[in-house]
Amino acid sequence: MILDAEQIFTLPYPGLPADAVAFVRDPARALGRLRFLRDLRADQESVRGELVVPLPGLGDADLPFHSLLSVTPDGADLLPQSLSGERAWVEVAGQARAEGTDLHFAFQFRAHLATPDAQGWGGAAFEKMIRAAATRTLDRVARELPGSIQAALPGPPP
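Here the structure is a predicted model, which means the values were calculated and not measured.

Looking only at helices and strands, one finds 3 helices and 7 strands in the protein. Each helix and strand of the protein, placed in order from N terminus to C terminus, yields the pattern β-α-α-β-β-β-β-β-β-α. Put simply, the protein has 158 residues, and 41% of those count as buried. For the protein, the proportion of contacts with a sequence separation of at least 24, taken over those separated by at least 6, is 56%.

What follows is the structure in structure tokens.
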């Protein structure tokens, strides 16, 4: 099962243009306040973490992701990497650009979920529940991205 979500938005940066570029090149800082991400690890080459999907009656499912970080002249790109050996994982792609003090973001999420064979009504119902929960979570993550990144911005300059 594959599920997709996307979010494109612009935020004002409360500082100097050079600082705006540094902010969009720092995914640990920019994404650090997103509450559906767990174990976020970033360096100059890659970003890793887990997207937490709450499943009713089953607890939380952790969807790992790994994206390469590619610095561009005005920001950075996240390039999703496939994960082998996982029953469920997510591709996280993104583009972040600073244009003066405007921050432009575009994120794409693609969740890969391996579900058991849907045998009979119970299996089909289970698959439908997993699909609905994962879709809600991806949509929630996409909706919360602008506010979470806004919360990670520094205060206005003195």
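Turning next to the environment of D102. Its place among the elements puts D102 in strand β7 (residues 102-113). The exposure class of D102 is partly exposed, given its relative accessible area of 34%. Discounting chain neighbours no more than four positions away, the residues touching D102 are T10, L11, P12 and R97.

Regarding helix α1 (residues 17-24), the residues found buried are A20, V21, F23 and V24. Down the axis of α1, the smallest arc covering the buried residues is 160°, so these residues share one side.

Where strand β1 (residues 2-12) lies against β7, 11 bridges are found, and the strand directions are antiparallel. Each residue of the ladder has a partner; that of L11, found in β7, is L103. In this structure, strand β6 (residues 88-99) lies alongside β7, joined through 12 bridges in antiparallel fashion. The partner of A88 across the bridge, within β7, is L113.

A few words on the side chain of Q7. By the secondary structure assignment, Q7 is in strand β1. Here A142 takes part through its backbone oxygen, which lies 2.7 Å from a polar atom of the side chain of Q7. Excluding anything up to four places from it in sequence, Q7 contacts F105, A106, F107, A142, R143, L145 and P146.

The next subject is the pairing of strand β5 (residues 75-80). Relative to β5, strand β4 (residues 59-72) runs antiparallel, the two being bridged by 6 bridges. Considered in β5, the bridge of V71 is made with A76. Here β4 hands over to β5 after 2 residues, the two strands then running antiparallel side by side. With 4 bridges joining them, β5 and β6 adopt antiparallel strand pairing.

Reading guide: rules and limits
- Residues numbered from 1 in each chain as written.
- Predicted model: local features only at pLDDT ≥ 70, side-chain atom pairs only at ≥ 80, totals over all residues.
- Heavy atoms only, no water.
- Helix = DSSP H or I, 4+ residues; strand = E, 2+ residues; numbered from the N terminus.
- Buried < 20%, exposed > 50% of the residue type's maximum accessible area, 1.4 Å probe, protein only.
- Contact = heavy atoms within 4.5 Å.
- Arc of directions from axis to C-beta.
- Pairing = 2+ DSSP bridges.
- Polar contact = N/O pair within 3.5 Å; in protein donor to acceptor, adjacent residues only side chain to side chain.

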